[in-house]
Amino acid sequence: MTIDAAELTRRTVELLAAHPPATTDRLDFLKARYDAGLAWVHYPEGLGGLGAPRSLQAVVDTELEAAGAPDNDPRRIGIGLGMAAPTLLKYGTEEQKQRFLRPLWVGEEVWCQLFSEPGAGSDLAALGTRAVREGDTWVVDGQKVWTSSAHVARWAILIARTDPDVPKHAGITYFVCDMTDPGVEVRPLRQITGEAEFNEVFLTDVRIPDSRRLGAVGDGWRVAQTTLMNERVSIGGMRLPREGGMIGPVSRTWRERPELRTHDLHQRLLKLWVEAEVARLTAERLRQQLVAGQPGYEGSGMKLAFARLNQEISGLEVELRGEEGLLYDDWTMRRPELVDFTGRDAGYRYLRSKGNSIEGGTSEVLLNIVAERVLGLPAEPRTDKDVAWKDLSR
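First, a word on scope: everything that follows refers to the structure included in this document. Fair warning: this is a prediction, and the values are worked out from it, not measured in the lab.

### Some remarks on the overall build of the protein chain
Tallying secondary structure elements over the protein chain gives eleven helices and eight strands in all. What you see for the protein chain is a C-alpha radius of gyration of 22 Å, in line with the 21 Å of a compact globule of 394 residues. Considering only C-alpha atoms, the protein chain reaches an extent of 70 × 55 × 45 Å along its principal axes. Here the protein chain holds 394 residues, and the buried ones make up 51% of them. On the protein chain, roughly 18500 Å² of surface is accessible, and the fraction owed to carbon and sulfur atoms is 53%. Placing the 50 positive and 58 negative side-chain charges of the protein chain at their respective mean positions leaves the two points 2 Å apart.

Structure, rendered in structure tokens:
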């Protein structure tokens, strides 16, 4: 059967009739939606989709939103939706897809990302966490850092070094790690906001079955590229309405507080409003390009723009508010499940946005990616490409 907009509308109406949102438990409704293939319509049948064009997801979402149906709280499970799921879809076995995708999408199981390390952030391929094979099991030891949601996560996508005798990009393997393993220790990292949404994670004799490996042994860097490209799209290419995101609060303040206005602030706000709208429309175009397949390196450019705009807009908002902009609502040490840029005050937005140019790939690294992979400029000289990882200077 051809899955077109009319067919998706019909199936969505049937879902709503069989599971009225007003009287159906939220989790039960989400499971029924997944089983009906209306979770992500471009995924295969049996995995939350119908093999339909990705562009038709909006047909389902519009119908469900109009009916007051619950969503799966995508901000809380963003790492699972934006990074783990597309990687599992491309490299996972059928058993892995069946086991992980449904509880991931409905939000029963939160995911985190065990990639960065104290000595391997921007140079991620230099990572030193080791995975040693013992029969059908891998024993993992090492430390990861800047891990969002590790304190609430059930599963993690993990890359570890399985062969130190080959160049750094070639000796990495990709795994799914059980965060409830007794060898996994999660410690909070308190940030400039006072909160600890980030964590450091220590792995001590963590035993991972080979059945939870994604991709071939030693091919983890290629698998990780799928994760990283989707990560940048999910951060920089999120769907927003006009004046969504950081530009919204400062625009409202400008309209509601005429006594704060100056000519200089007006000129800066106009410039940033236009740039935010251009970024929003560019992100929409990028999402439409995704219909054709894998995200490209354009996601790196969007993530760059996202970080710069957030920092400039939040800085303008603090200036616009004057003395009020120096206030901060709450320094309490908390471990939140998500980042809420628009639900807090201007001070929080200003401080939290400082991390936008670091998380999800530093702006410096992303500039290199855009220069080399998008613009085709000469690559930076690299002296470690053919050197075994164990022989690298550290």
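### As for the packing of helix α1 (residues 5-18) against helix α3 (residues 57-66)
Running from N to C, α1 and α3 point in directions that differ by 35°, and their axes come no closer than 9 Å. The handedness of the crossing between α1 and α3 is right-handed. Contact residues: α1 offers Ala5, Leu8, Thr9, Thr12, Val13, Leu15 and Leu16, while α3 offers Val59, Val60, Glu63 and Leu64. Each residue belonging to the contact of α1 with α3 can be placed in one class, and the counts come to eight nonpolar, two polar and one charged.

### Comments concerning the pattern of salt bridges
In this structure the tally under the stated criterion is 40 salt bridges. Here Arg213 makes a salt bridge to Asp210, at a shortest N to O gap of 2.7 Å. With a closest N to O distance of 2.7 Å, Glu275 and Lys271 form a salt bridge. Separated by four residues within a single helix, Glu275 and Lys271 lie in helix α8 (residues 263-289), roughly one turn from each other. Since its relative accessible area comes to 45%, Lys271 is described here as partly exposed. One salt-bridge network, in which partners are shared between bridges, spans Arg257, Glu259, Glu317, Arg321, Glu324 and Arg349.

Quick notes on the rules
- Residues numbered from 1 in each chain as written.
- Predicted model: local features only at pLDDT ≥ 70, side-chain atom pairs only at ≥ 80, totals over all residues.
- Heavy atoms only, no water.
- Helix = DSSP H or I, 4+ residues; strand = E, 2+ residues; numbered from the N terminus.
- Rg over C-alpha atoms; globule rule 2.2 N^0.38 Å.
- Buried < 20%, exposed > 50% of the residue type's maximum accessible area, 1.4 Å probe, protein only.
- Areas by Shrake-Rupley, 256 points an atom, 1.4 Å probe, with all protein chains shown as cover.
- Lys, Arg positive; Asp, Glu negative; His and termini not counted.
- Charge placed at Lys NZ, Arg CZ, Asp CG, Glu CD.
- Axes fitted to C-alpha atoms, helices over the stretch in contact; angles between N-to-C directions.
- Left-handed = near helix turned anticlockwise from the far one by under 90°.
- Contact = heavy atoms within 4.5 Å.
- Nonpolar A, V, L, I, M, F, W, Y, C, P; charged D, E, K, R; others polar.
- Salt bridge = Lys/Arg side-chain N within 4 Å of Asp/Glu carboxyl O.

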